[in-house]
Amino acid sequence: MTPDGTGHHDHGHHHAAHPGHDHPGHHGHDHDEDLAALLDLDAEILKDYLVTLTGWVAENAPEDTGTIIDVGAGTGTGSLALARRFPTSTVHAVDQSPAMLERIAATASAHDLDSRIRPVHANLDEAWPELPAADLVWAASSLHEFADPDRTLREIRDALAPGGLLAVVEMDALPRYLPEDLGIGRPGLENRCHEVIAALGWNHHPDWAGPLRDAGYDVVAQRQFDTAQDPAPEGTGDYAAAYLSRIRTSLKDHLDAEDLATLDRLLDPRDEAGLRHRSDLKLVGTRTAWLARKA
Ligand SMILES: C[S@@+](CC[C@H](N)C(=O)[O-])C[C@H]1O[C@@H](n2cnc3c(N)ncnc32)[C@H](O)[C@@H]1O
């Protein structure tokens, strides 16, 4: 990944801000299962935002968008939303993780979309897969994960049909769930967690407008979406727990003992002060989307 667009490659420390992002030194099937559960909660809780976002993409996409490629598709949140938004399209959902691809196939089948959502196994750091020219390429919370995003951007450009559109989406900052004073531990826990994660450089990504232009695109639009919900919807406790338990691995060597104990109480499903039982959680965040065409 080259989060700052310089080509500097620093594996394993940039993934925290998307709720689904990777942990340093934590790989394999369980890891994918945790990530998948988190991505599914993300999709469920932010479904209205996805409808707005894909509606905006559709205003800018070619009229008869038929071929869509979802780059780093995860559990298929984007693939499903796009298949619904573009009712005659076929979505090629590309991911390197077999566990994610299984989830995508199951979701497609559950929605009777097997014929229109096609899981594609590929590691995009190695080679671009054999796919038809795309009217729309979608890269949500994935571009900054690639070893060389500038190269991937050029490969995507070559994969676009004339007039085709690329939509890149990223989270702007770490998601926030916790009140300042939890009534347990020292106030300000979430800020201290975020300081640790920020110092590790997680989820850093540039304003993609520059790298997009450098890779031969015209940036046709950029928009920030507020994903906050007030009051926080049902499921926010599970969502926060899934997120915080994923980042705990990186926090544990940096938080003091009191903060770590508070975090563990929050994560304990049986603790009355835990995330699953609280009514004071919030849901705060923004995401930015860039739309670009071949220059
Ligand atoms: C944070 S998830 C985002 C998933 C989905 N786009 C979403 O918005 O919910 C990033 C996904 O990119 C995939 N990914 C990361 N590096 C990849 C690579 N080199 N080739 C293919 N997929 C990759 C991961 O397996 C993961 O499923």
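Residues numbered from 1 in each chain as written. Predicted model: local features only at pLDDT ≥ 70, side-chain atom pairs only at ≥ 80, totals over all residues. Heavy atoms only, no water.

> What should I look at first to understand the site of the ligand in this one?
Around the ligand, a shell composed of 19 residues is seen, among which Gly-72, Asp-95, Asn-123, Leu-124 and Ala-140 lie nearest. With respect to the ligand, the backbone of Gly-72 contributes an N or O atom lying 2.8 Å from a nitrogen atom. The contact in question runs from a nitrogen atom of the ligand to an N or O atom on the backbone of Ala-140, over 2.8 Å. Across the complex, the protein chains shield 95% of the 600 Å² of accessible surface that the ligand would expose by itself. (Near = heavy atom within 4 Å. Polar contact = N/O pair within 3.5 Å; in protein donor to acceptor, adjacent residues only side chain to side chain. Areas by Shrake-Rupley, 256 points an atom, 1.4 Å probe, with all protein chains shown as cover.)

> Would you explain empty space enclosed by the protein in this entry?
Unfilled space is identified by rolling a water-sized probe across the atoms. Counted according to the given criterion, the structure contains one cavity of 30 Å³ or more. Residue lining of the largest cavity: Leu-46, Met-171, Pro-175, Arg-176, Tyr-177, Thr-227, Tyr-239, Leu-283, Val-284, Gly-285 and Arg-287, and that is the complete set. The residue makeup of the lining of the largest cavity, split by class, is seven nonpolar, two polar and two charged. (1 Å grid on protein atoms, 1.4 Å probe; cavity = no way out; pocket = protein on both sides within 12 Å on 5 of 7 lines; lining within 4 Å. Points joined across faces, edges and corners; volume = space filled by probe spheres on them. Nonpolar A, V, L, I, M, F, W, Y, C, P; charged D, E, K, R; others polar.)

> Explain the nonpolar core here, please?
Here is a general trend for soluble globular proteins: nonpolar side chains tend to be buried in one another's company. Ranked by size, the top nonpolar core spans 59 residues in total, and within it Leu-53, Val-57, Leu-178 and Leu-275 carry the most contacts. By residue number, the principal contributor to this core is helix 8 (residues 236-251), which donates eight residues. Setting aside residues up to four positions removed in sequence, Leu-53 forms contacts with Trp-138, Val-169, Phe-225 and Ala-289. In this structure, Leu-143, Leu-160, Leu-212 and Trp-290 belong to the second largest nonpolar core, which totals 23 residues. (Core = buried A, V, L, I, M, F, W, Y, C linked by side-chain atoms within 4.5 Å. Buried < 20%, exposed > 50% of the residue type's maximum accessible area, 1.4 Å probe, protein only. Helix = DSSP H or I, 4+ residues; strand = E, 2+ residues; numbered from the N terminus. Contact = heavy atoms within 4.5 Å.)

> What am I meant to see in the packing of helix 8 against helix 9 (residues 257-267) here?
Two quantities define a packed helix pair, namely the angle between the helix axes and the distance between the axes. It is the contact of helix 8 with helix 9, at a shortest axis distance of 10 Å, that shows an interaxial angle of 150°. In terms of axis orientation, helix 8 runs roughly antiparallel to helix 9. When you trace helix 8 past helix 9, the crossing you get is left-handed. For the pair helix 8 and helix 9, contact is made by Ala-241, Leu-244, Ser-245, Arg-248 and Leu-251 and by Leu-260, Leu-263, Asp-264 and Leu-267, respectively. Of the residues contributing to the contact of helix 8 with helix 9, the split by class is six nonpolar, one polar and two charged. (Axes fitted to C-alpha atoms, helices over the stretch in contact; angles between N-to-C directions. Parallel < 35°, antiparallel > 145°, perpendicular 65-115°, else oblique. Left-handed = near helix turned anticlockwise from the far one by under 90°.)

> What exactly am I supposed to notice about the sheet that holds strand 3 (residues 117-121) here?
For sheets, the rule is that strands pair by backbone hydrogen bonds, running either parallel or antiparallel. Read from one edge of the open sheet, seven strands run 3-2-1-4-5-7-6, paired in mixed fashion. Either end of the sheet is taken by a strand with one partner, and the two such strands are strand 3 and strand 6 (217-226). Going across the sheet, the axis of each strand differs from the next one's by a mean of 20°, ignoring polarity. The pairing of strand 4 (residues 134-140) with strand 5 (residues 160-171) spans six bridges and is classified as parallel. Across the sheet, residue Ala-139 finds its bridge partner in strand 5, namely Val-168. Taken strand by strand, helix 4 (residues 98-110) contacts strand 2 (90-95) and strand 3, and its axis lies near 170° from that of strand 3. (Pairing = 2+ DSSP bridges.)

> Can you walk me through the environment of Leu-160 in this structure?
Tracing the chain through its elements places Leu-160 in strand 5. For Leu-160, a relative accessible area of 3% puts it in the buried group. For the pair Leu-160 and Thr-67, spaced 93 residues apart in the sequence, the C-alpha separation amounts to 9.5 Å. For Leu-160, the residues in contact, after removing those within four places along its chain, are Ala-134, Asp-135, Val-137, Leu-165, Leu-166, Tyr-217 and Lys-294.

> Looking at this structure, how should I read the pairing of strand 5?
Most of strand 5 sits inside the fold, with ten of its twelve residues counted as buried. With helix 5 (residues 149-159) bridging strand 4 and the parallel strand 5, this β-α-β connection has right-handed handedness. Here strand 5 runs beside strand 7 (residues 286-294); their pairing, made up of seven bridges, is antiparallel. Considered in strand 7, the bridge of Glu-170 is made with Thr-288. (Right-handed = clockwise from strand over helix to strand, strands pointing away.)

> Looking at this structure, I do not really get the layout of surface pockets. What am I missing?
Each pocket or cavity is described by its volume, and for the second largest pocket that value is around 370 Å³. If you trace the second largest pocket, you find 16 residues lining it, with Lys-47, Leu-50, Thr-77, Leu-80 and Arg-84 closest to the centre. Those elements giving two or more residues to the lining of the second largest pocket turn out to be helix 1 (29-45), helix 2 (47-60) and helix 3 (77-85). Ranked by the residues each element gives to the lining of the second largest pocket, the list is headed by helix 3, at five residues. Partitioning the lining of the second largest pocket into residue classes produces five nonpolar, six polar and five charged.

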